[in-house]
Amino acid sequence: MNFSVTQENLVKGLQVVNRIATTRATLPVLGNILLTTDKGRLKLVSTDLELAIDTYIGAKVEIEGAITVPARTFTDFVTNNSDTTIDFSLNDTVLNAKSAHYTAEIKGIDATEFPTIPEIGGTNVIHLAAPLFKEAIQQTVFATTQDETRPVLSGVALFISGKELKLVATDSYRLAEKRIPIEEGEANDVTVIVPARALLELSRLIHDDVARVSLSIDQHQMMAVCGESHLVSRLIEGTFPAYEAIIPKELATTVTLNRSEFISSLKMASLFSRDSAYNVTFTVGERDITLKALSAQIGASTSTVTAAVSGPAVSIAFNARFVLEVLQVMSCDAIQFQLQQPHDNQWYPGIVKSTQDQNYQYVIMPLRTEV
């Protein structure tokens, strides 16, 4: 094995794959990156057995071959190397590196010990506009749960029906739903649950120069093709909750307000509600919404945001952090907050929507207080 690459291109390739390699696994080779030459290109691969990512970069190849090298050592050497080009040659399982000012010998593990990345044989293949898909991931994945005892809620459900893909995530306290069109390909009544971590890694692969993402799905795995990179992830087994029933069909009060101003008020309220599970009371008047937070240790905070209000007055409590998180992944100037006053011990979720995007909604359960 003998090849040369530019330091800049190798750094870019390592940034794609090195996050997946883990030294905490029982198999030492999982802490390594697989390097394989392929007809004038260098392929880099990493996996933790649940998730795998590979990418290709240009290389000058003199002798074909493959080796795995420790991800951290190799990445640190390349990143801190200020020379333009680095030459590599393999001697048994030692990768020799040489550039204008640096030489190194990096001990590796034979490529045959690296796990085989499975091929996806599913017939469900769809193609999506990359910017839309990245936005859809960002607007849903944050609502997944961190509770490992509820695995089906730790991922994002992908519902494919005809020419539409719907992404849904929930932790049972809030729910985010985004619909985007499928550019090419279609599948009817396909539902899978993709781990949140896999989608976060996929979103990092979608750069401005990537126009399209292709998804191939079979019974147990999903593969995404994104430019020169591929991501393969195991799917989460189980049935996603039938969530549609919890979304109110109609709420009495709609508050339309400036997103940036609302974010500022929520940040202030969050400062005074940290020790009360971010419990903040939202009171809707005729032309505004007031946020009140109270802390026994810190004090109290009140802020008011001018709004266009349709419907009766409302006073209801929510987790301010949950409201803030959705506003931070939206890009619109104005949002709609749909609410209803609790009565007869009936509590209604709130709904956050964009005034510009009818394909996105966020449902948040209220915090029960004395009414």
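In this report, we go over the structure that sits alongside the text. In this convention, every chain numbers its residues from 1, walking through the sequence in written order. Local features in this predicted model are restricted to residues of pLDDT 70 or higher, and side-chain atom pairs are both shown and tallied only at a pLDDT of 80 or more, whereas totals for entire chains, interfaces and linings draw on every residue. Hydrogens are left out, water is left out, and the side-chain values use all remaining heavy atoms of the structure.

## A closer look at the sheet that holds strand β7 (residues 85–91)
Two strands in a sheet stick together by hydrogen bonds in their backbones, pointing the same way (parallel) or opposite ways (antiparallel). Note the following rule: Whether two strands pair depends on DSSP finding at least two bridges between them. Where helices and strands are cited, they refer to DSSP runs of H or I of at least four residues and of E of at least two residues respectively, numbered from the N terminus. Whenever a helix is involved, its axis is fitted only over the stretch in contact; in every case the axis is a line through C-alpha atoms, and angles between N-to-C directions fall within 0 to 180 degrees. In what follows, a contact means two residues having at least one pair of non-hydrogen atoms within 4.5 Å.
Spatially, five strands are ordered β5-β1-β7-β8-β9 in an open sheet, and the strand pairing comes out antiparallel. Whereas interior strands pair on both sides, the edge strands pair on one side only; in this sheet they are β5 (60–63) and β9 (103–107). Ignoring which end each strand starts from, the neighbouring axes of this sheet average 20° apart. Two elements, strand β8 (residues 94–98) and β9, share five bridges in a ladder whose sense is antiparallel. Opposite Ala 97, over in β9, you have Ala 104 as the bridge partner. Contacting β1 (2–6) and β7, helix α1 (residues 7–17) runs over the sheet at an angle of about 90° to β1. Against the sheet, helix α2 (residues 71–79) contacts β7, β8 and β9, and its axis sits at roughly 150° relative to β7.

## Quick notes on the sheet that holds strand β17 (residues 229–234)
Reading across the sheet, the eight strands line up as β6-β2-β3-β4-β17-β16-β15-β10 and stay open at both edges, with antiparallel pairing between neighbours. Strand pairing shows two members of the sheet lacking a second neighbour, β6 (66–70) and β10 (124–129), which therefore form its edges. Neighbour-to-neighbour, the strand axes of this sheet turn through a mean angle of 20°, independent of strand direction. Packed on one face of the sheet, α1 meets β2 (32–37), β3 (41–47), β4 (51–58) and β17 and runs near 170° to β4.

## A closer look at α2
The periodicity of an α-helix, 3.6 residues per turn, causes residues three or four places apart in sequence to face the same way. Here is the rule we go by: Accessibility here uses a 1.4 Å probe with only protein chains present; expressed as a share of the type maximum, an area under 20% marks a residue as buried, one over 50% as exposed, and anything in between as partly exposed. Directions pointing from the helix axis toward each C-beta atom define the arc.
Along α2, the residues classified as buried are Ala 71, Phe 74, Thr 75, Phe 77 and Val 78. Angular distribution of buried residues about the axis of α2 spans 165°; they occupy a single face of the element. In this structure, the buried side of α2 is in contact with α1, β2, β6, β7, β8 and β9.

## Points about unusual backbone geometry
Positive phi is not limited to glycine here, since Leu 49 has a value of about 80°. For Ala 277, which is not a glycine, the phi torsion comes out positive at approximately 55°. Judged by relative accessible area, Ala 277 falls into the exposed class, the value being 52%.

## A word on the packing of α1 against α2
To keep things clear, this is the line we draw: The sense of a crossing depends on the near helix, which, turned anticlockwise from the far helix by less than a right angle, makes the crossing left-handed and, turned clockwise, makes it right-handed. All residues other than Ala, Val, Leu, Ile, Met, Phe, Trp, Tyr, Cys, Pro, Asp, Glu, Lys and Arg, Gly among them, are scored as polar; the first ten of these are nonpolar and the last four charged.
For the pair α1 and α2, interaxial distance at closest approach is 9 Å and the crossing angle is 145°. The two elements α1 and α2 cross, and the hand of that crossing is left-handed. Contact residues: Gln 7, Leu 10, Val 11 and Leu 14 in α1; Phe 74, Thr 75, Val 78 and Thr 79 in α2. Per-class residue counts for the contact of α1 with α2 are five nonpolar, three polar and no charged.

## Considering the pattern of salt bridges
Rule in force here: When a carboxyl oxygen of Asp or Glu lies within 4 Å of a side-chain nitrogen of Lys or Arg, that pair is called a salt bridge.
Going through the model one piece at a time under the given rule, you end up with 17 salt bridges. Notably, a salt bridge pairs Arg 41 with Glu 228, separated by 3.3 Å at the nearest N-O pair. Taken together, the residues span a long stretch of sequence, with Arg 41 in strand β3 and Glu 228 in the loop between β16 (221–226) and β17 at a distance of 187 residues. With its nearest N and O atoms 3.1 Å apart, the salt bridge here joins Glu 201 to Arg 204. In this pair, Glu 201 and Arg 204 both sit in helix α4 (residues 196–205), three residues apart, roughly one turn of the helix. For Arg 204, a relative accessible area of 39% corresponds to the partly exposed category. Each of the salt bridges in this network shares a partner with another, and the network as a whole consists of Asp 171, Arg 174, Arg 321 and Glu 325.

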